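Topology and contacts: notes
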Amino acid sequence: MLAEMSVSACLVPLLSKEEHLLWAKRVKPHLPHCVTIHNNLVQHGLGLVCHDTFYVLRDRPHSVTVLCRKEIIPHTQHIGIFCLKEEVGNLIETLRSSPVIDWEDARRTHLVIGHLPLYVVEPMVRLMQEKGVKARLRSCFTFTYDAHLDHRTLRVPAGFRVCRLGRAGVRHLLENAKYGGIPLDLMYRMAEGVPYIGVYQDPTSTQEATVDPENLPVAGDEEIPVAWNCSKPAGDGGMMVIDERFRRHGFGRLLATTLARRQAALYGFIPHVFVEEDNSVARAMGKNMPGWRMTHECIVIMKCQGSL
């Protein structure tokens, strides 16, 4: 990608793990809006995943603008962006000419620009319109977890155990979640690094047990969980699924907090999840769980079908 850039382009890719970690530290003071870019930089810097390319502004030593281009979902340009409010103008001017977003391809196929701060939305929509790409917006609330505000001991009821997903669990996850065509072998590799966890039936468990998020066993490769949660490729908390037969056991709260504590303790992530504006059940769950709080609203911009 670097060789294809014109001389006038202002975006250059990060090339080493050390650069990714350096930029994670650089953006972290600007929470909460940088939270997903931060986590994604960390997981690439630690070598847990390697599916995105990150770009920063060249010749602007004080800038904290970061763009992330996903390379794992076919036929879709999926772009993550963080910048400060005062950097929005420079960002838009850069994207007018930079090949990081292929505008011609966006008019033909799909473009998703993920979880933008509100101050970026209007300028980005205007740019998309200028490029002939019709946009639609989806509003989300960001719930962030702070372990210092939650002192509970996590417990799983008798007859169950909490584990990292084995291969059958990962396959089950991919078959039942909306992950947009991510290859199964890539999901296996991701599960070896970032947290993929589930609740499994265990007839040998005869009493309630304590859950230690930092020391979870790996489930057998043929075992299917009755509930699961995982880190998404971008670094936020993933879609949670609970088998209808095992709802009202508290597994949703247990998995959300177990995943968050594991992320924070082992990887230095800032645990967070995105809840769509119309998902009243998930919003109520986030508001009522210890340690979780709604920190900010953000917007996902997606290309509408059809041209302007």
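Described in the following lines is the structure provided in the data block. (Residues numbered from 1 in each chain as written. Predicted model: local features only at pLDDT ≥ 70, side-chain atom pairs only at ≥ 80, totals over all residues. Heavy atoms only, no water.)

Quick look at the overall build of the protein now. Along the backbone of the protein there are nine helices and 14 strands. Over its C-alpha trace the protein gives a radius of gyration of 20 Å, about what one expects of a compact globule, namely 19 Å for 308 residues. Taken along its principal axes, the extent of the C-alpha atoms in the protein is 65 × 40 × 35 Å. Counting over 308 residues, the protein shows a buried share of 52%. Partitioning the contacts of the protein with sequence separation of at least 6, the portion at a separation of at least 24 is 77%. (Helix = DSSP H or I, 4+ residues; strand = E, 2+ residues; numbered from the N terminus. Rg over C-alpha atoms; globule rule 2.2 N^0.38 Å. Buried < 20%, exposed > 50% of the residue type's maximum accessible area, 1.4 Å probe, protein only. Contact = heavy atoms within 4.5 Å.)

Here we take up the packing of aromatic side chains. In the structure shown here, the tally under the stated rule is four aromatic pairs. Measuring from centroid to centroid gives 5.8 Å for Phe-160 and Phe-246, while their planes differ by 85°, and the two rings are edge-to-face. Placement of Phe-160 in strand S8 (residues 160-164) and of Phe-246 in the loop between strand S12 (241-242) and helix H8 (251-267) is noted, with a sequence separation of 86 residues between them. We classify Phe-160 as buried; its relative accessible area is 10%. For Phe-246, a relative accessible area of 9% puts it in the buried group. Residues Tyr-267 and Phe-269 carry aromatic rings whose centres are separated by 5.4 Å and whose planes lie at 40° to one another, so their mutual orientation is tilted. Summarising the burial analysis for this pair, Tyr-267 and Phe-269 share the class buried. Taken together, the ring pairs in this structure connect Phe-160, Phe-246 and Phe-251 into an aromatic cluster. Between the NZ or CZ atom of Arg-26 and the centre of the ring of Trp-23, over which it lies, the distance is 4.3 Å. (Phe/Tyr/Trp six-rings, centres within 6.5 Å; stacked < 30°, edge-to-face > 60°. Lys NZ or Arg CZ within 6 Å of the ring centre and 35° of its normal.)

Before going further, it helps to spend a moment on the pattern of salt bridges. Under the definition given, this model contains twelve salt bridges. The salt bridge involving Arg-138 is made with Glu-276; its shortest N-O contact spans 3.5 Å. Separated by 138 residues along the polypeptide, Arg-138 in strand S6 (residues 133-145) and Glu-276 in strand S13 (residues 272-276) bring together distant segments of the chain. Linked by salt bridges that have partners in common, Glu-93, Arg-96 and Glu-130 make up one network. (Salt bridge = Lys/Arg side-chain N within 4 Å of Asp/Glu carboxyl O.)

This part covers the packing of helix H6 (residues 167-176) against helix H7 (residues 184-193). Viewed as axis vectors pointing N to C, H6 and H7 meet at an angle of 125°, and their least axial separation amounts to 10 Å. Between H6 and H7, the crossing angle belongs to the class labelled oblique. Pair H6 / H7 crosses with right-handed handedness. The segment H6 lies against H7, with Arg-167, Val-170, Arg-171, Leu-173 and Leu-174 engaging Leu-184, Met-187, Tyr-188 and Ala-191. (Axes fitted to C-alpha atoms, helices over the stretch in contact; angles between N-to-C directions. Parallel < 35°, antiparallel > 145°, perpendicular 65-115°, else oblique. Left-handed = near helix turned anticlockwise from the far one by under 90°.)

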